[in-house]
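Remarks on the overall topology
If you want the building blocks of each chain, they are given just below.
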Amino acid sequence: MGSLANIQSFWLIAILVATLNGAVPLVLAAMGGILSERSGIVNIALEGMILTGAFFGAWCGQSSAAVGLVAAIASGAVLGLLHALLTQKLRMNHVVSGLGINMLAAGVTRYLSLVYFPGGLECKAIRPIFFLTAAAVLPVAVVLLLKRTRFGLRLRATGENPESARMAGVRVLPVRVAAVTLSGIFAALGGAYLTLGEEHTFSRDMSAGKGYIALAAVIFGKWNPPGAAVAALLFGLFYAVQSQMQIHNLNLHIGGVELTNPALLDTLPYFVTLIALVSVVGKSAPPAALGQEDTDAS
Amino acid sequence: MPVPSNNQGKPDQPVSSDIVRMTGITKTFPGILANDRVNLNVQTGAFHAVIGENGAGKSTLLNVLYGRYSADSGRVLVHDVDVTHTLRSPIDAIHIGIGLVSQHYALIPALSVIENIMLGSEPVKGSLGLLNRRNAIERVTELAQQLGITGIDFNDPAGQLTVAEQQKVEIIKALFRNAQILLLDEPTATLAPKEADMLFALLKDLQARGATVLFITHKLREVMQYSTHVTVLRTGRNAGDFITSETNADVLLERMIGRREGAATSKPSSSPALVDVTRPVLSIDDVTIHNARGAQAVSGASLEVFPGEIVGIAGVDGSGQRELSQAIVGLRSVSAGSLAISPSDGASKPISLNSLSVRQRQRLGISYIPEDRHHAAMIMEFSVAENYILGHEDDKDWGGGAIQSLSKITEIANRIVKNYDVRMGARDSSAIAGDLSGGNQQKVVVARALESKPRLLVACQPTRGLDTGAATFVYDRLRVATSHGLAVLLFSLDLDEVLELSDRIAVMYNGQIAGILTRQEANADRVGELMTGGQPVLGGPN
Amino acid sequence: MIRDWIARRWNVLRPLAGILSGLIVAACVMRLTGFQPLAAYAALWSGASGLEYGAASGEGQIALGSGHLNTFLLAQSLSAVTPLIFTGLAVAVGLRAGLFNVGAQGQMTMGALAAAAVGVIGRTGLSDAGTLNPALHVGLVLVAGAAAGAIWGIVPGILKAARGVHEVISTIMLNFIALDAVQYLVTHSLKDDAPGNQAAQSPIMASTSWLWPYVNGSNLTAGLPIALALLLIVSFMIKRTSLGYQIRAVGLGADAAGANGVPVARVLVTSMAISGAISGIAGAVQVMGIHHRYVAGVAGSFGFDGIAVALLGNLSGIGVLLGAVFFGALASGALYMQTNTNVPAPVSEIVQAAVIIFTGAKYTIAARTKNITTAKDDQDPGIVEGRTLAEGAAG
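Read on for an overview of the structure.

What counts, and at which threshold
Each chain has its residues counted from 1, following the order in which its sequence is written. Each chain takes a letter, starting from A, and each ligand takes a number, starting from 1, following the order in which they are written. In view of the model being predicted, local features appear only for residues whose pLDDT reaches at least 70, and side-chain atom pairs are presented and counted only at 80 or more, with totals across whole chains, interfaces and linings using the full set of residues. With hydrogens and water set aside, each side-chain value is computed from the structure's full complement of heavy atoms. In this description a helix means any DSSP run of H or I spanning at least four residues, a strand means any run of E spanning at least two, and both kinds are numbered starting from the N terminus. Throughout, the radius of gyration refers to the C-alpha atoms, and the reference size of a globule is 2.2 Å times the residue count to the power 0.38. Burial classification: accessible surface area is computed with a 1.4 Å probe over protein chains only, and a residue below 20% of its type maximum counts as buried, one above 50% as exposed, and the rest as partly exposed. Here a residue-residue contact requires only that any non-hydrogen atoms of the pair lie within 4.5 Å. Working definition of accessibility: Shrake-Rupley area with a 1.4 Å probe, residue cover restricted to the visible protein chains. We treat Lys and Arg as the positive residues and Asp and Glu as the negative residues; His and chain ends play no part in the count. To locate a charge, the coordinates of NZ of Lys, CZ of Arg, CG of Asp or CD of Glu are taken. Buried area is understood as the total, over both parts, of accessible area removed when two parts are fitted together, assessed with a 1.4 Å probe. Counted as salt bridges are all cases of a side-chain nitrogen of Lys or Arg within 4 Å of a carboxyl oxygen of Asp or Glu. Each pair of strands is called paired provided DSSP finds at least two bridges between the two strands. Computed over the protein atoms alone on a 1 Å grid, cavities are sets of points where a 1.4 Å probe fits but cannot get out and pockets are open sets with protein on both sides within 12 Å along at least five of seven lines; a residue lines them when it has an atom within 4 Å of a point. Grid points are joined across faces, edges and corners, and a volume is the space filled by probe spheres set on the points. Residues are grouped as follows: nonpolar covers Ala, Val, Leu, Ile, Met, Phe, Trp, Tyr, Cys and Pro; charged covers Asp, Glu, Lys and Arg; every other residue, Gly included, is treated as polar.

1. Thoughts on the overall build of chain C
A count of helical and extended segments in chain C gives 16 helices and three strands. Radius of gyration (C-alpha) of chain C: 22 Å, near the 21 Å computed for a compact globule of 395 residues. For chain C, the spread of C-alpha atoms along the principal axes amounts to about 70 × 55 × 35 Å. Out of the 395 residues belonging to chain C, those deemed buried represent 59%. Put simply, 72% of the contacts in chain C that link residues at least 6 apart link residues at least 24 apart. Summed over its atoms, the accessible surface of chain C is roughly 15200 Å², and 67% of this surface lies on carbon and sulfur atoms. Computed over 20 positive and 16 negative side-chain charges, the inter-centroid distance for chain C is 8 Å.

2. Notes on the interface of chain C and chain A
Where the parts come together, the accessible area they lose is often given as the size of the interface. Facing 52 residues of chain C, the contacting portion of chain A comprises 50 residues. On the chain C side of the contact with chain A, C:M173, C:Y184 and C:I357 bury the most area, a combined 14% of that side's loss. Scanning the region where chain C abuts chain A turns up one salt bridge. One salt bridge in this structure joins A:R110 and C:E349, with 2.6 Å as the shortest N-O distance.

3. A few points about the pairing of strand β3 (residues 47-51) of chain B
Residues and elements named next belong to chain B. Judged by how many residues are buried, β3 sits mostly within the fold: five of five residues are covered. The alternating pattern of β3 places F47, A49 and I51 on one face and H48 and V50 on the opposite face, and all of these are buried. Note that β3 and strand β10 (residues 212-217) share five bridges and pair parallel. The partner of F47 across the bridge, within β10, is V213. Both β3 and strand β11 (residues 229-234) contribute to a ladder of four bridges, which runs parallel. Each residue of the ladder has a partner; that of H48, found in β11, is H229.

4. Topic: empty space enclosed by the protein
Taken as a whole, this structure holds four cavities of 30 Å³ or more when the rule is applied. A:M167, A:A168, B:Y66, B:G99, B:L100, B:S102, B:A106, B:E170, B:K173, B:A174 and B:R177 together form the lining of the second largest cavity. When contributions to the lining of the second largest cavity are tallied by element, the ones reaching two or more residues are β6 (98-101) and α5 (163-176) of chain B. The dominant element in the lining of the second largest cavity, judged by the number of residues it contributes, is α5(B), at three residues. Within the lining of the second largest cavity, the residues separate by chemical class into six nonpolar, two polar and three charged.

Now the structure itself:
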């Protein structure tokens, strides 16, 4: 009896830990995604921002984790700034810019790790509790930022209708640049968690689609921080269940299909997001000016 | 008596009495001379109207004053300070006490009313830029009380407000920024007459408190009833400055529209004998249509259009014309009622259109001139020839088909270019449509519509933005086609155009057909009355 | 004057400027990391073109002036070009209709899997000998690949047309789903059950479905002529047929197309089906010519690279061909460069990313000229057929 209860509670704790572990980078990147998208800029560059944050966090975190953290944040800010300038100043299609940044991040990190760390890149550790706290605080902070501050109000207005915002006396460009730069910082923080907080080593392409899943969480959460955080937790739970099933070699077959297969469990976030897009997320949910070119009248 | 009009500001006027002086404002857009050396002087405390027809350049002038457009040349003085070079954005305009109440889309539906009001001028506390919402609400509530505005919950999303409420909120928004000069762009275009009167009462109250009001309109009644001063614009130029009490509506109307040939008199046209009133081409029977937001845009409209006649649809913008035209061509579904077209082969029963696609309706003889030339009528990156076969890309006679015949398409398009006098420099129909002037683009659209040999043409704002020559060309072509039995449904916001072309005029008001007048019954006053909710009148050949 | 000259030749100058900028950026990166960019690019060029220094020695080397042509290297380069022609074409077809098909990757994966599944038909026992007529079998496998890719493309097309779901998001999701689903299948019902196999791969295909290399040991197969033929067919379709006209019309002006009777929703779905089918064929050709079975990573990053190809090629047929040649040769040459100069091959990815970023700025020009403002209130997202595109299109 007692040992069974112990095993159960052990299980729960293991799943909880694994869930948080999987969710932390998603939450951080999703908050970045929200800031960018609420300001009207589609951000599929989250993936590249995570990867870059992970790499520079590890590189500069070889001797000091704090330096690594700062470097990760700086690298994310640079990519955010780049995305903002490409889309706003050069009026590049948001998706093209995002894909370009993702390729750049993949190429640069692979190249540099081959040049400098052919034998692997190991870094100092930051306690996961730091990132966990950040992931817990950030959704609340983003809500407050959006709802309670001047910057947040202007950010939302810019994402709904930049022309109206301009008519009301808002300078749209600086607002968007700030929003997307912050977006890069948060996503890179999520990346830093992967190296500094979790693995303590960098491996190529270690973002492994987390940026896209974070974007899925943003959509699933209807562009609201609490919703996106919950979605990220849910996706984290999928990871956790999947890894626990694997560890304990649990199988569930229905009609010859092994439902508990890790590959199939992996698809859950994507399916859930697709279904959300088709049904739950109404057409009114995304910021009205998301992804549209800002036809600056002046 | 009219004050001396045209050109030059008045040097004998005391400088200090003018709060706004705009001199020699010229503004061009690609292919359009919107303002041509326009002068505008507004006295402090005036209730100043800028009046003119659609396309007269009123909005452009207002937007220059609000810093949205920078003029190509000319000077702007506000409070006797030359702001020509410092007025670069709405932010600058707000700083010097100018507020704009725009006709459309100024409020962001997803934000709350209070957020909309304070956006850009937010009261904050602390260095973090925290919004001082309480302070904003207090100030706004006070403003609302002073103005007698009630019934608006400032925490509601702005999207829930009625149009009239939105306008009130916009006025509060301007005053929240301490605007002393209020600009209003066609403030009553989408208001019911009673709401319009209430709006003007509010504005007069503000004027009494010292504000200067500058509004643009094309409605003479508003000008005569409320304004103290009026500036008339015509085709981008000054056409007179008046003190309202010293002029009258006839003088203003004449200045507004100039002497236009054939206007308001009977004109050469299809002989009515050709109109076959026994079999309507199009029957609109008790039709109800919903707009994009799910609101009822047209309710219970009935109308028949007969071969060989032009039926004009008049009405204030947004009275349901757009939805009705879209429903007829198949771009919008009908919620109730029926649309039917007579069969082309002379068979007995009309064919219901309700469930047919645009393409199927085209094949039954419906042709369409969309109002939005840039987005709905043409593909600007396509060549003239490619645009010409849009809608006929499957049609062997036009060079279309599963595999298209480029040589045939080019040959036909070149012929049309010649026949319709489409001018585009030295090149032929391979010229890119976007490089053509608006008039020549429209000729291609008209050619495409008429050469489809339709039985019914739905023409929406067919001459909007065109110069007189191109407009006359379009009119002539429509008349010729009508004389050969074409039925035309003409949707136009230009009342003169409707009066000039139509054999019958149906007037829409608030989603309903308020009345149908024959040419003999129709005049500007009568139609205008119906447009703004006057008594319905029965008429027409049935 | 100079402005006019540039404007008239912008279609050609833009990609050239993009390529040049990309090469310069990567050169800077190499310089900063302690390499000699010129030497690296020289090696890359040798690897890409097969033109090597030194006298010809051994099989497959043809003397050419003071150096020689290494036909194996050239063949490898061309084999790297092949999938990019397919995926570049696929992305271009989507973009012609105004749809950003980021899902070529997933569609290619599904095509590869279907091809591998149909490829085993007629094979018995452990041998790879097949019983089907090779021409028939090859045809069947290609059709299977095309069909699987088309299905994976139709789904986002329908979601877009019917529900307004943005195709970029849905295709990204479908990429991952494809990858995971295939991973499951090749470890379960489509597992290679040859004795001792531990890898996640499908069984070997019957040799009747293989495409054979033109140069011994290389990966250059009939895939290249297939790609070129498809390029011609699709270019003709886009330029000369009614369907192609409709696709272009919807892409450049969905509202105008809809107002003039073009069935916008159907055209959107059709273009996504075509795009997916082309990607699917890309997957099929890879397994038929190179791996002879589905193995993980068969789609490489070709789907994403195809986006770079299509953008660089300005969506035109010849542009896609040149773009594919550039990026394919770049990737192939980079491997040679890595072995000969120690400069890591991902330098080619940096070039590619920089080229995308620099050529993407073309939207600047197009957007500026397009911005002849018409009143925004004229746009009405409620129009029955135009509806699908009015909802938050990404650009």
